[in-house]
Amino acid sequence: MNQEEFEQLIDKYQRGLLNGKERDLMDKWFDQLDERGKGSVSWGVEEQERLKALILSEMLHDESESEAGRQALSLRSRVLRIAAIFLLAAISYGLWNIAIREFSSSRTVTVNSNETIRKVLLSDGSIVWLKPKSKLLYAQAFPNDSRQVTLEGEALFEVAKDPARPFVISASRLRATVLGTSFNIKSRAEDIEVVVLTGQVRLTSAEDSHGILLVANEKGVYRESEGSLSKLTLQDEEKRGVEFGTGYNMRFEGAMLKDVVSKMSSKFDLRIELDQPAVGACRITADLTDQSLEKSLSLISLALELEYQIEKGRARLIGNGCLGN
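Keep in mind it's a predicted model, so treat the numbers as computed, not measured.

J.: Would you take a moment to explain the packing of helix α7 (residues 257-268) against helix α8 (residues 293-304) for this structure?
T.: Helices that pack against each other are described as a pair by the angle of their axes relative to one another and the distance between those axes. Running from N to C, α7 and α8 cross one another at 170°; their axes reach a closest spacing of 11 Å. Comparing the axis directions of α7 and α8 gives the class roughly antiparallel. Residues L257, V260, M264 and F268 of α7 form the contact with α8, whose own contacting residues are L293, S296, L297, I300 and L304. Looking at the contact of α7 with α8 residue by residue, the class counts come to eight nonpolar, one polar and no charged.

J.: What is the right way to read the side chain of D290 from this model?
T.: Tracing the chain through its elements places D290 in the loop between β17 (283-287) and α8. Reaching out from D290, the side chain makes a polar contact with the side chain of T198 at a distance of 2.7 Å. Beyond its immediate stretch of four places on either side in the chain, D290 contacts E158, K161, T181, S182, T198, Y248 and K267.

J.: What should I look at first to understand the pairing of strand β7 (residues 167-171) in this one?
T.: Of all the five residues making up β7, five are buried; the element is thus mostly covered by neighbouring parts of the structure. Burial of the side chains of β7 extends over both faces: F167, I169 and A171 are buried on one face and V168 and S170 on the other. Pairing geometry for strand β5 (residues 147-152) and β7, over four bridges, is parallel. Note that in β7 the partner of Q148 across the bridge is V168. Direction of pairing for β7 relative to strand β8 (residues 174-178): antiparallel, over a ladder of five bridges. Across the sheet, residue V168 finds its bridge partner in β8, namely T177. Adjacent in sequence and paired antiparallel, β7 and β8 are bridged by two residues, among which S172 carries a positive phi angle near 55°.

J.: Hey, could you run me through the pattern of salt bridges in this one?
T.: Within this structure, the stated rule accounts for 16 salt bridges. Here E152 and K135 are joined by a salt bridge, their closest N and O atoms 3.8 Å apart. Residue E152 is found in strand β5, and its partner K135 is found in strand β4 (residues 134-139); the two are separated by 17 residues along the sequence. Assessed through its relative accessible area of 45%, E152 is described here as partly exposed. Among the salt bridges present, the one from E238 reaches K219, with a minimum N-O distance of 2.6 Å. Taken together, the residues E238 in helix α6 (residues 236-243) and K219 in strand β13 (residues 218-223) connect sequence positions 19 residues apart. Assessed through its relative accessible area of 8%, K219 is described here as buried.

Definitions and cut-offs
- Residues numbered from 1 in each chain as written.
- Predicted model: local features only at pLDDT ≥ 70, side-chain atom pairs only at ≥ 80, totals over all residues.
- Heavy atoms only, no water.
- Axes fitted to C-alpha atoms, helices over the stretch in contact; angles between N-to-C directions.
- Helix = DSSP H or I, 4+ residues; strand = E, 2+ residues; numbered from the N terminus.
- Parallel < 35°, antiparallel > 145°, perpendicular 65-115°, else oblique.
- Contact = heavy atoms within 4.5 Å.
- Nonpolar A, V, L, I, M, F, W, Y, C, P; charged D, E, K, R; others polar.
- Polar contact = N/O pair within 3.5 Å; in protein donor to acceptor, adjacent residues only side chain to side chain.
- Buried < 20%, exposed > 50% of the residue type's maximum accessible area, 1.4 Å probe, protein only.
- Pairing = 2+ DSSP bridges.
- Salt bridge = Lys/Arg side-chain N within 4 Å of Asp/Glu carboxyl O.

See the structure below:
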């Protein structure tokens, strides 16, 4: 929803032209502004835009709203309040920066304007391979009960397993919910494609709150013009396409341990040391794709009879491995 559309919505609200559902949602917008206004100076522009997008999404999504306990303010005071807030944000440079700093302290926006893929490490250990001309909005530290991000464009996600905190990705009017899996979301024009590489992904939309469940090697397509969700079988070339250019593929066939360790260090942004440098010549065959750092080290240690330690900023593989005693 752009500024012009939102102003038209306020105009309809003033003239009493909104239906019951729309009017209730506009009440919700004003109520949230009231609550935020009690504890801070002003709203940041991105917070306002996210609330406006939420209002539009809910208007198009036929869900009932509870009326119990709502005490609406007068129309005149509401309109004056929203006008004052926008005016304050526009004319007060100092207060504007305060609002932006408040928002930035809890949220991070990563924009990939390059032609190469950019890796983003999230606070829960999840890895996002952000494709060119894409944007990711996420919390610097996820709360204890949820993990939510917003994507514009395309990205391959390796979600850290955490059954207590579902991982939710919003892309336009589509929502993908997972616990721990890997998949690619491509949001371009009116269609959004979700390719599942491992695990399961639940897709829902503004028009379909039940949605569809995708498993490994399946693709979901959301057509925004029709508001439809469909499920397709993933083709091998599509799978290779979404992996291309990322560090997602961690399949090794007779690779030297030093090369495996080097690739792992790059992927997890962590220094991995060998207690015995000569062990780096040991060869290993393993598929460490979509595995956490700890799981990967555990599998290597099991295969080569090593032990491992993980400390802040580095990990260590200990033992003689294939060299014997």
